[in-house]
Amino acid sequence: MYQRKQVFFILCILTLTFIGCTNKPENPTQIVTSIPSPTEFTSPTEFTSPTELLTPIPTSTVTPTPAELPTPIPTATVTPTPAELLTPIPTATVTPTPAELPTPAPIEWTYMSKNNHSNNIVYNLLTDGTNYEAEVAGAFSGNIVIPETVDGYPVTRIADFAFEYGFDRITSVRFPDTLRIIGEGAFSECWALTEIDLPEHLEIIEENAFLGCGITSVSLPGSMRKIEYGAFYDAIHLQEVSIAPEASGFGELVFHNTPWLAKQLETKGYVVHNNTLLAVSPNCTEFTIPASVTTIAGSAFHNCDKLTHIEIPASVTAIGPNAFAKCSNLTAITIPETVTEIGDYMFRDCRSLCSIELPTHMQKIPDGFFWNCGFESYTVPDTVIELGHFVFIDCPKLTTLKLNDSVRSIGACCFSGCTALTDVTLSNNLTVLPTDAFSACSSLEKISLPESITSLSSSVFSHCANLQSITLHDRISSVGEDAFFASDNLTDITVIKDNKEHKFTVIQDALDYILP
């Protein structure tokens, strides 16, 4: 009730004020005295009807003076200058050159094979922007058909591992004439793949491309210039192989463990193609390489463990990696001066090899060259300036080693695991002994490092259980972690500084004395 009185009171004030503005009384007190007192609104009977509260306020119009009018907001139109106008989006089409094309995200295609199986294949634009390579993008089966072009660009390559582990899902592949390269492991372990027809312009088959496939025959075109390691390795159903006379570039074990190769070796004793000796029967005891051969392929004498003697003619100019690996009864060999290319790990696991003549022009002994060979002593020829990694690793009979001053560098693990090594003479031009150079040389009791040595790498003499004495020079400026780890009998350390010998019994004390 009190609130209703307040509302009525305010309405009265507003009404009287408005009247006063339009009809100014002579006596201002007239307005004041006509306003009822709040105490007069004490009875609810004074509000007999709600409509009494809704009486509209008089609507007489008050015309304000111009000064009382608010300043209007300008409505004039502002025309921007041409420089202020937004640059419109060009509508002209710009055609980039192939070199300007970025490598796009893989384009997905579903290519229907001839037996109507849907095979999901992705075609990736190569970095040159003008060729595509193919690879699988999902479930695939049956007969795979690769198109010659995609978006107007030729398909020239099958990607690495594109259809790897196809197992029993792929039965045949049709390659386009545009194909130039089949990538590493592209069809490895496709057991059910029995039929392939390589295009006549194919140039490269990368390693293990058809490893373990079920193919029964293959024809290599004359355009082939490289067939890499194990391309058809373990293709246990491969019965027929046709190789064009011009085909070249055979790597290691290309046809190893296939019926075709086994038959060739059984009937002829060896396989030669395009002046390359590809393989020799593991049953041979002596072998003279034909004079027509210019290249011995990698692993050509793989596992010829009965071979005791071999003659290499002057016609040979290149010998691939692992060429004589695992010829465990081969005792001696001469490599003619005509040989200019020599691969890594050539005599690995030739446990009886104790005599060898190298070409006099040979400047580097490749990686793993004499790994696990039978030498008792070896002097590096004075023409050699570099030894690769693992050259004499795990030679169990090697007791004496001499590096002539021609040698300027040796690789990691070069003499590691030579458990019989007791006498070492190092080149006076060596500056670094690399990681694990003499690790696990368990019979080595003493060694003198030349003054030229400035760095000992990590684990260089680790696990040399019988190493007792070592001579160092003050030119050493760095020593790697665990350089003498587990060589706990090393107690006789001589440091030559300013032409004077300084003796130590703890290797760390000697190193602290040398190092800046």
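Starting afresh in each chain, residues are numbered from 1 along the sequence in its written order. For this predicted model, a pLDDT threshold of at least 70 governs which residues receive local features, and a threshold of 80 or more governs which side-chain atom pairs are given and counted, while totals over whole chains, interfaces and linings are taken from all residues. By convention in this description, side-chain values take in all heavy atoms of the structure and omit both hydrogens and water.

Attention shifts here to the overall build of the chain. When its secondary structure is counted, the chain shows four helices and 35 strands. Relative to its 516 residues, the chain shows a buried fraction of 42%. For the chain, long-range pairs separated by at least 24 residues make up 29% of all intrachain contacts whose partners lie at least 6 apart in sequence. Under the convention used here, a 1.4 Å probe and the Shrake-Rupley method define accessible areas, while residue burial counts only the protein chains that appear. Of the roughly 27,100 Å² of accessible surface on the chain, a fraction of 53% belongs to carbon and sulfur atoms. Runs of H or I in DSSP of at least four residues are treated as helices and runs of E of at least two as strands, each being numbered from the N terminus. Throughout this description, buried means an accessible area under 20% of the type-specific maximum (1.4 Å probe, protein chains only), exposed means over 50%, and partly exposed covers the range between. Residue contacts follow a heavy-atom distance rule, with two residues in contact if any of their heavy atoms lie within 4.5 Å.

For the rest of this paragraph, the subject is the sheet that holds strand β30 (residues 446–448). Each pair of strands is called paired provided DSSP finds at least two bridges between the two strands. Taken together, four strands build an open sheet; the order of strands is β30-β32-β34-β35 and the sheet is mixed. What marks the edges here is a single partner per strand, and that holds for β30 and β35 (500–504). Within this sheet the neighbouring strands show an average axis-to-axis angle of 20°, counted without direction. Across five bridges, strand β34 (residues 492–497) lies against β35 in antiparallel orientation. Following the sheet pairing, K497 is matched in β35 by K500. Note on geometry: axes are C-alpha line fits, over the in-contact stretch for helices, and angles between N-to-C directions span 0 to 180 degrees. Its contacts with the sheet place helix α4 (residues 507–514) against β32 (469–473), β34 and β35, and it is angled at close to 10° to β34.

Turning to the pattern of salt bridges, a few remarks are in order. A pair is scored as a salt bridge if a Lys or Arg side-chain nitrogen falls within 4 Å of a carboxyl oxygen belonging to Asp or Glu. Applying the stated criterion across every chain, the model contains nine salt bridges. Its salt-bridge partner being R157, residue D160 comes within 3.0 Å of it at the nearest N-O pair. Using a relative accessible area of 14% as the deciding quantity, one classes R157 as buried. We note a salt bridge from K364 to E386, for which the minimum N-O separation is 3.8 Å. Of this pair, K364 sits in strand β23 (residues 364–365) while E386 sits in strand β25 (residues 386–387), placing them 22 residues apart in sequence. Residue classification places K364 among the partly exposed residues on the basis of a relative accessible area of 38%.

As paired elements, strand β3 (residues 132–136) and strand β6 (residues 153–158) share three bridges and run parallel to each other. Across the sheet, the residue bridging to A134 is I158, located in β6. Hairpin remark: strand β5 (residues 149–150) followed by β6, antiparallel, with two residues in the connecting loop; positive phi at D151, about 55°. Bridge count for β6 against strand β8 (residues 181–182) is two bridges, and the pairing is parallel. Each residue of the ladder has a partner; that of I158, found in β8, is I182.

Each aromatic ring pair is characterised by the separation of its centres together with the angle its planes make. For Phe, Tyr and Trp, rings pair up if their centres lie within 6.5 Å, where Trp contributes its six-membered ring, and each pair is then called stacked (planes under 30 degrees apart), edge-to-face (over 60) or tilted (otherwise). Applying the stated criterion across every chain, the model contains 26 aromatic pairs. Centroid distance F369 to F370: 4.9 Å. Interplanar angle 80°. Geometry classified as edge-to-face. Residues F369 and F370 agree in their burial class; the two are buried. Lying over the aromatic face of W371, R348 brings its terminal NZ or CZ to 3.9 Å of the ring centre. Throughout this description, the term charge over a ring refers to an Arg CZ or Lys NZ atom that lies within 6 Å of the ring centre and within 35 degrees of the ring normal. Sitting over the ring of Y513, K497 keeps its end group 4.7 Å from the ring centre.

All buried positions along helix α3 (residues 259–268) are accounted for by W260, L261, Q264 and L265. Take α3 and look down its axis: the buried residues cluster within an arc of 125°, on one side only. Seen from the buried face of α3, the exposed residues on the opposite side, beyond 90 degrees, are K263, E266 and T267. Structurally, α3 contributes buried residues whose contacts are with β13 (240–243), β14 (270–273) and β15 (276–280). Following α3 by one or two positions, G269 adopts a phi angle in the positive range, close to 90°. To obtain the arc, one takes the directions from the helix axis to the C-beta atoms.

Moving on, we come to the state of the cysteines. Two cysteine sulfurs form what is called a disulfide whenever their separation falls within 2.5 Å. For the structure shown, the criterion picks out zero disulfides. Note on C354: no disulfide assigned, nearest cysteine sulfur contributed by C373 at a separation of 10.0 Å. The partly exposed category is assigned to C354, whose relative accessible area is 45%. Among the cysteines around C413, which has no disulfide bond, C414 carries the closest sulfur, lying 9.1 Å off.

Averaged over all residues, the pLDDT of the chain equals 83, while 76% of them reach at least 70. As a per-residue measure, pLDDT tells how confident the predictor is, with possible values from 0 to 100. Below pLDDT 50 for its whole length, residues 1–5 participates in six contacts with residues either more than four positions away or in separate chains. Note on residues 19–119: pLDDT under 50 across the span, and 85 contacts to partners over four residues away in sequence or across chains.

In this section: the environment of T216. Structurally, the position occupied by T216 is in the loop between β10 (204–205) and β11 (217–220). Under the relative-accessibility criterion, T216 is labelled partly exposed at 38%. Counting along the chain gives 25 residues from T216 to V241, while the straight-line C-alpha distance between them is 8.8 Å. Excluding anything up to four places from it in sequence, T216 contacts T194, H237, L238, Q239 and E240.

Position of N143 relative to the elements: it lies in strand β4 (residues 142–145). Identification of polar contacts relies on pairs of N or O atoms within 3.5 Å, with a donor-acceptor requirement for protein atoms, meaning one able to donate a hydrogen and the other able to accept it, and with residues adjacent in sequence counted only if both atoms are side-chain atoms. Within polar-contact distance, the side chain of N143 engages the side chain of T171 at 2.7 Å. A polar contact is formed between the side chain of N143 and the side chain of S172, at a distance of 2.7 Å.

Through backbone hydrogen bonds, the strands of a sheet pair up, either in parallel or in antiparallel fashion. An order of β4-β7-β9 is seen for the three strands of this open sheet, with the pairing classed as parallel. Of all strands in the sheet, those with a lone pairing partner are β4 and β9 (195–197), marking the two edges. Averaged over all neighbouring strand pairs, the angle between strand axes comes to 15°, with direction disregarded. As defined by bridge partners, β4 adjoins strand β7 (residues 170–174) across four bridges and the pair is classed as parallel. From the neighbouring strand, I144 faces β7, where its bridge partner is V173.

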